[in-house]
Amino acid sequence: MAYYERTERAYFDPDRVQPFTLKTSKRKYWYVRIKRREGKGYYQTSLKTEKLDIAMDAARALWIKMQQTEEQGLSFQDARFSATFQTFLNQRVFSPSRRRRIESVFNRYFSEYFQDKPVSYIDGAMWADYLVWRTNYWNQPNILQRVQEEQAREGRRAVFHYVQTPSSSTLKGERQILKQFLLWCEEKNIVKRAPRLPWNFKGIANVRFNDQRLRGKALTDEMAKKITKELKTWCLEENMAENVKARRFGRFRLYYFLRICQFALIRPTTEATSILWEDVEWTKSRRFPDLRIAAIDIKAQNSKTGEARTAILPYRQYKLLTEWRDISRSFGLGENHQHIFPKMQYPEGTFNYITEGADSAVMGRMFRKKLEEWKLRHDEEGKRITMYR
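Rules of the game
- Residues numbered from 1 in each chain as written.
- Predicted model: local features only at pLDDT ≥ 70, side-chain atom pairs only at ≥ 80, totals over all residues.
- Heavy atoms only, no water.
- Helix = DSSP H or I, 4+ residues; strand = E, 2+ residues; numbered from the N terminus.
- Rg over C-alpha atoms; globule rule 2.2 N^0.38 Å.
- Buried < 20%, exposed > 50% of the residue type's maximum accessible area, 1.4 Å probe, protein only.
- Contact = heavy atoms within 4.5 Å.
- Areas by Shrake-Rupley, 256 points an atom, 1.4 Å probe, with all protein chains shown as cover.
- Lys, Arg positive; Asp, Glu negative; His and termini not counted.
- Charge placed at Lys NZ, Arg CZ, Asp CG, Glu CD.
- Phe/Tyr/Trp six-rings, centres within 6.5 Å; stacked < 30°, edge-to-face > 60°.
- Lys NZ or Arg CZ within 6 Å of the ring centre and 35° of its normal.
- Pairing = 2+ DSSP bridges.
- Axes fitted to C-alpha atoms, helices over the stretch in contact; angles between N-to-C directions.
- Patch = residues over 30% accessible without salt bridge, like charges linked within 9 Å, V, L, I, M, F, W, Y side chains within 5 Å.
- Salt bridge = Lys/Arg side-chain N within 4 Å of Asp/Glu carboxyl O.
- Parallel < 35°, antiparallel > 145°, perpendicular 65-115°, else oblique.
- Left-handed = near helix turned anticlockwise from the far one by under 90°.
- Nonpolar A, V, L, I, M, F, W, Y, C, P; charged D, E, K, R; others polar.
- Core = buried A, V, L, I, M, F, W, Y, C linked by side-chain atoms within 4.5 Å.
- Polar contact = N/O pair within 3.5 Å; in protein donor to acceptor, adjacent residues only side chain to side chain.

1. Details of the overall build of the protein chain
- Within the protein chain, the secondary structure is distributed over 11 helices and seven strands.
- In terms of overall dimensions, the protein chain is more spread out than a globule: its C-alpha atoms have a radius of gyration of 28 Å, far above the 21 Å expected for 389 residues.
- Dimensions of the protein chain, computed from the C-alpha atoms along their principal axes, are close to 90 × 45 × 40 Å.
- Relative to its full complement of 389 residues, the protein chain shows a buried share of 44%.
- Within the protein chain, contacts between residues at least 6 apart in sequence are counted, and of these 56% link residues at least 24 apart.
- Carbon and sulfur atoms make up 47% of the accessible area of the protein chain, which totals about 22,200 Å².
- Within the protein chain, one finds 73 positive and 47 negative side-chain charges whose respective centroids are separated by 3 Å.

2. Structural notes on the packing of aromatic side chains
- A complete count under the given rule lists 38 aromatic pairs for this structure.
- Judged by centre distance (5.5 Å) and plane angle (70°), the ring pair of Phe-88 and Phe-181 falls under edge-to-face. Of this pair, Phe-88 sits in helix H2 (residues 81–91) while Phe-181 sits in helix H6 (residues 168–187), and the two are 93 residues apart along the sequence. Each of the two residues, Phe-88 as well as Phe-181, counts as buried.
- Between the NZ or CZ atom of Lys-117 and the centre of the ring of Tyr-113, over which it lies, the distance is 4.9 Å.
- Here the guanidinium or amino end of Arg-134 rests over the ring plane of Tyr-109, the centre of that ring lying 3.8 Å away.

3. Overview of the sheet that holds strand S5 (residues 280–284)
- Spatially, S5-S6-S7 is the arrangement adopted by the three strands of the open sheet, whose pairing is antiparallel. Since the sheet does not close on itself, it has two edges, and those belong to S5 and strand S7 (309–313), each with one partner. Strand-to-strand twist in this sheet, taken as the mean axis angle between neighbours without regard to direction, amounts to 30°.
- Sitting on the sheet, helix H8 (residues 245–264) is in contact with strand S6 (292–298) and S7, with an inclination near 110° to S7.
- Strands S5, S6 and S7 of the sheet are contacted by helix H10 (residues 318–330), whose axis makes an angle of about 130° with S5.

4. Structural notes on a positive patch on the surface
- Positive charge collects at one region of the surface, where Lys-48, Lys-65, Lys-192 and Arg-193 lie side by side.
- Note on placement: Lys-65 falls in helix H1 (residues 52–71).

5. Thoughts on the packing of helix H3 (residues 96–114) against helix H4 (residues 124–135)
- Remark: H3 packs on H4, axes separated minimally by 11 Å, with the N-to-C direction vectors making an angle of 125°. Taken as axis vectors, H3 and H4 run oblique relative to one another. In this structure, H3 crosses over H4, and the sense of that crossing is right-handed. From H3, Tyr-109, Phe-110, Glu-112, Tyr-113 and Phe-114 reach across to H4, where they touch Met-126, Asp-129, Tyr-130, Trp-133 and Arg-134.
- Here the residues of the contact of H3 with H4 are counted per class, giving seven nonpolar, no polar and three charged.

6. Brief notes about the nonpolar core
- Counting residues in each nonpolar core, the largest one holds 46 residues, and the members touching the most others are Leu-231, Ile-266 and Trp-324.
- Taken together, the elements giving at least two residues each to this core come down to helix H7 (221–237), H8, S6, S7, H10 and helix H11 (360–373).
- Considering each element in turn, this core owes the most residues, 11 residues, to H8.
- Ignoring sequence-local partners within four residues, the contact set of Trp-324 consists of Phe-249, Phe-252, Arg-253, Tyr-256, Ile-260, Trp-277, Ile-340 and Phe-341.

7. As for the packing of H2 against H3
- Between H2 and H3, the shortest axis-to-axis distance is 10 Å and the interhelical angle comes to 170°. Relative to H3, H2 is oriented roughly antiparallel. On H3, the residues that touch Phe-81, Ser-82, Phe-85, Gln-86 and Leu-89 of H2 are Arg-99, Ile-102, Glu-103, Phe-106, Phe-110, Ser-111 and Phe-114.
- For the contact of H2 with H3, the per-class residue count stands at seven nonpolar, three polar and two charged.

8. Let's talk about the side chain of Ser-303
- Its location among the elements puts Ser-303 in the loop between S6 and S7.
- At 3.1 Å, the side chain of Ser-303 forms a polar contact with the backbone oxygen of Glu-307.
- Not counting the four nearest positions on each side in its chain, Ser-303 is found in contact with Glu-271 and Ile-298.

9. Observations concerning unusual backbone geometry
- The phi dihedral of Lys-48 is positive, around 55°, even though this residue is not glycine.
- Considering the arrangement of structural elements, one finds Lys-48 in the loop between strand S4 (42–46) and H1.
- Of the residues examined, Lys-48 reaches a relative accessible area of 63% and is grouped as exposed.
- Of note in the backbone geometry, Lys-375 takes a positive phi value of approximately 60° without being a glycine.
- Here Lys-375 is to be found in the segment after H11.

10. Description of the sheet that holds S4
- Ordered by their spatial adjacency, four strands build an open sheet running S1-S2-S3-S4, and the pairing between neighbours is antiparallel. Looking along the sheet, the strands with just one partner apiece sit at the ends: strand S1 (4–7) and S4. Neighbour to neighbour, the strand axes of the sheet diverge by 30° on average, direction disregarded.
- The pairing of strand S2 (residues 17–22) with strand S3 (residues 31–35) spans four bridges and is antiparallel.

As structure tokens, then:
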């Protein structure tokens, strides 16, 4: 016992909890060792007081928190990052799009950087180190080689859309994910307190990010007409000569997806791809009773704002939805329980009876590729055009 100067047995659990002081310590702070219920080892920390009665109260508070944490199947305080993050993903409920985003950031960045570091080690300084590593990630030759191998091996499932210098909004999104995880850890008593993570990236040395606005103003009428003309030609007129069923359906779907989202003011994300035909109410226009409109129910879990709303497809564009339903029925789709923009099994060209929503990222890549072919990828200001405008 030469390591200790004084030892005590806690009155509330003498077999597991032992407050002590160290011979080598100048300030005679009390520490505590708490034996873990399962596995080997102890949890040990300073109680930051020289008074035994205060130390005993602090030890009891930690002991209670440790019991609560262990009852949830978690390790107290020094839980390892990757395993704990997986528990976080399993226990928290997210919208499908939010879950995909979190899993993508974890698999690509968090798991590689934080690995098995104790969660309690994460602080503002480690976050700053992560930002330096993250903003240089896509400039590393070994990373680019690995991605090329993934593309060759996994095809469409691999990552294709990335930029060497991330935007500030991308980094803020990753900060929000890490902050959400750390707040959950605090709630579960895995850490005492979620640390502060700096958000002013300009104040951190060697952090490279793009703070320029990538998307410009609304498209001019002339540019919008050019894109619509090219889309109509490729997706509808030239599509009749396409012999591969999956490709033919994909072209049709891209055209009506973009046009319906544009006129109904629906975000071309899971907000649109999650809509079922039963979510559409075909009704008369109040202003022009002889004309019809489509009222589309956007559910709260699929809305970006987290609030349910109704999107209106005006009477002049009403036929877009009826045309698309007729085309869908020609492919054996269009039933009320099915998605308006369903996912197709490629290259078979088949669908499940209970459909899945299409992957908006796949349609986005297809749209960008065609814009580049048509030399319409950038507007008059030189800003990139995407599905969002």
